[in-house]
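A closer look at the structure
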Amino acid sequence: MANQSMDNQEFLDPNKALKLYDLDIFTLGKMADSIRQDYFGKKVFFNSNRHINPTNECADVCKFCGFSAHRKNPNAYTMNQEEILRIARDSIEAGALELHIVGAHNPKLNLEWYLELFKTLKANFPQIHIKALTAAEVNYLSVLSGKSYEEVLKLMAQSGVDSMPGGGAEIFDEKIRAFVCKGKVDSTNWLKIHKIWHSLGKKSNATMLFGHIESREHRIDHLLRLYYAQEDSGGFNAFIPLVYQKENNFLNVKNFPSGQEILKTIAIARILLPNIPHIKAYWATLGLNLAMVAQEFGADDIDGTIQREAIQSASGSKSANGILKDELIAQIKNAGFTPVERDSLYNEIRLY
Ligand code: SF4
């Protein structure tokens, strides 16, 4: 990857960054694509992963959430560890190299429960990469256990967690955040948790949930906060813009972003975040077609096979059953790119 970390300097002024949205989509796409091509050429990264969401019983009530059990989603569930072990075994036999474990804030599943789970998974499958617990979950488990972030994160690392996912960032602006997910980890602490995790020599990702009640200004603010966080700790591997899914939740959103607005946001992310190597067009929230188009607008990663997914699909996305690896490879090739299977830390495993 070329070192372009200084290239976005003029856009560190939020007003100038905001003006990027005024450019026509092709000009913006070209700017983002030139960075993307410089970093990765025609490669599109994906991995073979399995999402496991142990519970949807949640002590929090984020308005955008269709996953947690509430009156629009009465199907509460909590898995036991045997069940998770069985799923992990089946998934690994089916080719998964990564277990992506995130769920709701369930007071019945305390820190010890999770640590035990990670240890058992690692004991049974030492080769598997465990990507687990969003900063929101870390914050919740810290409050529940009375342990500091540092203690929780060290225990996670000692118990087998290899990297952290980027969820729970939602939108950093404090006012919007207080409306859409009051009670969840605040923005400062979300960033602090990732900084501590990076200081342990570990990697993580970062997300932004957009397309709900936030404005373009809020997105720019979010991206710039991530830019400075990355300058500080350097441990983010990928930025993942998540498009808000509209079903089964309590956020009364009238206008959804157009495909053009989504692509512009991805392109702007590529331009504003030259210091975060990868921009992921997460097909579970974009749909596969738009995720493929996004590869020409700054994105270089499409996530993975997923196998099963409960969070985005609970709010309307078509990701519940994942996608077959061969199909993903064929789609990437058909779009004129080179599929690259990667591991969870973006080491290349195979070019197709
Ligand atoms: S987004 Fe997460 S924390 Fe918020 S209600 Fe849903 S499961 Fe709970």
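A short tour of the structure in this document, coming up. It should be emphasised that the depicted structure is a prediction, and the values quoted were computed from it without experimental measurement.

**Considerations on the nonpolar core**
Counting residues in hydrophobic clusters, the biggest one holds 113 residues, and the most contacted among them are Met156, Trp190, Phe239 and Ile302. It is helix α10 (residues 259-272) that provides the largest number of residues to this core, a total of eight residues.

**So, unusual backbone geometry**
Its identity is not glycine, yet Asp303 carries a phi of approximately 70°, on the positive side. Residue placement: Asp303 occurs in strand β9 (residues 301-304). Phi at Tyr346 is positive, roughly 75°, even though this residue is not glycine. The topology assignment puts Tyr346 in the loop between β10 (338-342) and β11 (348-351). Accessibility expressed as a relative area gives 10% for Tyr346, which makes it buried.

**Examining the side chain of Ser142**
Relative to the assigned elements, Ser142 resides in helix α5 (residues 135-145). In this structure Ser142 comes out as buried when scored by relative accessible area, which is 9%. A polar contact is formed between the side chain of Ser142 and the backbone oxygen of Lys147, at a distance of 2.7 Å. Residues in contact with Ser142, not counting those within four places in the same chain, are Lys147, Ser148, Tyr149 and Val152.

**A word on the packing of aromatic side chains**
Enumeration over the complete set of coordinates arrives at 11 aromatic pairs. Here Phe67 and Tyr77 contribute two aromatic rings whose centre-to-centre distance is 6.5 Å and whose plane-to-plane angle is 75°, an arrangement assigned as edge-to-face. Placement of Phe67 in the loop between β2 (49-52) and α3 (81-93) and of Tyr77 in the loop between β2 and α3 is noted, with a sequence separation of 10 residues between them. On the accessibility criterion, Phe67 (6% relative accessible area) is buried. Ring centres of Tyr227 and Tyr228 lie 5.3 Å apart, and the angle between their planes is 75°; on these two criteria the pair is classed as edge-to-face. For Tyr228, a relative accessible area of 45% translates into the label partly exposed. Pairwise contacts between aromatic rings join Tyr39, Phe40, Phe45 and Tyr346 into one cluster.

**Quick word on empty space enclosed by the protein**
Taken as a whole and assessed by the stated rule, the structure comprises three cavities of 30 Å³ or more. The volume enclosed by the second largest cavity comes to roughly 50 Å³. Around the second largest cavity, the lining residues are Ala104, His105, Asn106, Leu109, Tyr114, Leu133, Glu137, Tyr140 and Leu141. Across the lining of the second largest cavity, the residue classes break down as six nonpolar, two polar and one charged.

**Notes on the packing of helix α4 (residues 111-124) against helix α6 (residues 149-159)**
Taken N-terminus to C-terminus, the directions of α4 and α6 make an angle of 25°; their axes are 8 Å apart at the nearest point. Accordingly, the angle class assigned to the pair α4 and α6 is roughly parallel. Contacts between α4 and α6 involve Leu111, Leu115, Phe118, Lys119 and Lys122 on the former and, on the latter, Val152, Leu155, Met156 and Ser159. Split into classes, the residues belonging to the contact of α4 with α6 amount to six nonpolar, one polar and two charged.

**What to know about the pattern of salt bridges**
Under the defined criterion, the tally for this structure stands at 15 salt bridges. With a shortest N-O distance of 3.7 Å, Glu98 and Lys131 are connected by a salt bridge. Of this pair, Glu98 sits in strand β3 (residues 98-101) while Lys131 sits in strand β4 (residues 129-132); the two residues are 33 residues apart in sequence, bridging distant segments of the chain. Judged by its relative accessible area of 1%, Glu98 is buried. Lys131 gets classed as buried once you look at its relative accessible area, which sits at 3%. Among the ionic pairs, Glu174 bridges to Arg225, the shortest N-O distance being 3.0 Å. Taken together, the residues span a long stretch of sequence, with Glu174 in helix α7 (residues 174-181) and Arg225 in helix α9 (residues 216-233) at a distance of 51 residues. Residue classification places Arg225 among the partly exposed positions, given a relative accessible area of 22%. The network of salt bridges with shared partners includes Glu214, Arg216, Arg219 and Glu261.

**Section: the sheet that holds β9**
As summarised here, the arrangement of the four strands in space is β9-β1-β10-β11, forming an open sheet in which the pairing is mixed. Looking at strand neighbours, the two that pair on one side only are β9 and β11, the edges of this open sheet. Averaged over neighbouring strand pairs, the angle between their axes works out to 30° when direction is ignored.

Analysis parameters
- Residues numbered from 1 in each chain as written.
- Predicted model: local features only at pLDDT ≥ 70, side-chain atom pairs only at ≥ 80, totals over all residues.
- Heavy atoms only, no water.
- Core = buried A, V, L, I, M, F, W, Y, C linked by side-chain atoms within 4.5 Å.
- Buried < 20%, exposed > 50% of the residue type's maximum accessible area, 1.4 Å probe, protein only.
- Helix = DSSP H or I, 4+ residues; strand = E, 2+ residues; numbered from the N terminus.
- Polar contact = N/O pair within 3.5 Å; in protein donor to acceptor, adjacent residues only side chain to side chain.
- Contact = heavy atoms within 4.5 Å.
- Phe/Tyr/Trp six-rings, centres within 6.5 Å; stacked < 30°, edge-to-face > 60°.
- 1 Å grid on protein atoms, 1.4 Å probe; cavity = no way out; pocket = protein on both sides within 12 Å on 5 of 7 lines; lining within 4 Å.
- Points joined across faces, edges and corners; volume = space filled by probe spheres on them.
- Nonpolar A, V, L, I, M, F, W, Y, C, P; charged D, E, K, R; others polar.
- Axes fitted to C-alpha atoms, helices over the stretch in contact; angles between N-to-C directions.
- Parallel < 35°, antiparallel > 145°, perpendicular 65-115°, else oblique.
- Salt bridge = Lys/Arg side-chain N within 4 Å of Asp/Glu carboxyl O.
- Pairing = 2+ DSSP bridges.

As far as function goes, none of this settles anything; it's purely spatial.
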